[in-house]
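Observations on chain architecture
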Amino acid sequence: MSKSPDPKSDRSARDIARHAQRMKSTRDHPAPSPLRGISTFGMVGWSVAVPTVGGAFLGLWLDRVAPQAFSWTIALILGGVVLGAFIAGAWVSKEGGER
């Protein structure tokens, strides 16, 4: 006569298999690091700040060298902000596409 399988050991095997599957899934698809948000925030800040400050310095120089009826400094600061926003937007959309 054959013994029927023990229901308790069958449940343990299912629990072990489910646990192993969860571990494999976690290993294959790790959660993003909390530091990733901080680095994204920093990258967006720098990508806006650098063109803005560069535009300000270039504008100050142009105001001395080639004066116009408008302020080169203000125009190039605004241009730097717009350029920085485009750079930041492109970087965020590229990074967001990884998931």
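The structure displayed is predicted, hence computed values, not measured ones.

Where side chains of opposite charge bring their charged atoms close, a pairing between them can arise. This model, assessed by the stated rule, comprises two salt bridges. A salt bridge links Arg 18 to Asp 15; the nearest nitrogen and oxygen atoms lie 2.7 Å apart. Residue Arg 18 and its partner Asp 15 are located together in helix H1 (residues 7–28), separated by three residues, close to a single helical turn. The class of Arg 18 is partly exposed, set by a relative accessible area of 47%. Residue Asp 28 pairs with Lys 24 through a salt bridge whose shortest N-O separation is 2.7 Å.

The next subject is the packing of helix H2 (residues 34–65) against helix H3 (residues 72–96). Contact geometry of H2 with H3 gives a least axis separation of 7 Å together with a crossing angle of 155°. Here H3 runs roughly antiparallel to H2, going by the angle between their axes. You can see that H2 and H3 cross each other, and the crossing is right-handed. Counted by class, the contact of H2 with H3 contains 18 nonpolar, eight polar and three charged residues.

Because each turn of an α-helix spans 3.6 residues, side chains separated by three or four positions in sequence point in the same direction. Spanning 32 residues, H2 covers 48 Å between terminal C-alpha atoms, matching the ideal 46 Å at 1.5 Å per step. Regarding H2, the residues found buried are Ser 47, Pro 51, Thr 52, Gly 55, Ala 56, Gly 59 and Leu 62. The secondary structure elements touched by the buried residues of H2 are H3.

Procedures and definitions
Residues numbered from 1 in each chain as written. Predicted model: local features only at pLDDT ≥ 70, side-chain atom pairs only at ≥ 80, totals over all residues. Heavy atoms only, no water. Salt bridge = Lys/Arg side-chain N within 4 Å of Asp/Glu carboxyl O. Helix = DSSP H or I, 4+ residues; strand = E, 2+ residues; numbered from the N terminus. Buried < 20%, exposed > 50% of the residue type's maximum accessible area, 1.4 Å probe, protein only. Axes fitted to C-alpha atoms, helices over the stretch in contact; angles between N-to-C directions. Parallel < 35°, antiparallel > 145°, perpendicular 65-115°, else oblique. Left-handed = near helix turned anticlockwise from the far one by under 90°. Nonpolar A, V, L, I, M, F, W, Y, C, P; charged D, E, K, R; others polar. Expected span 1.5 Å × (residues − 1). Contact = heavy atoms within 4.5 Å.

Geometric values such as these leave the question of function open.
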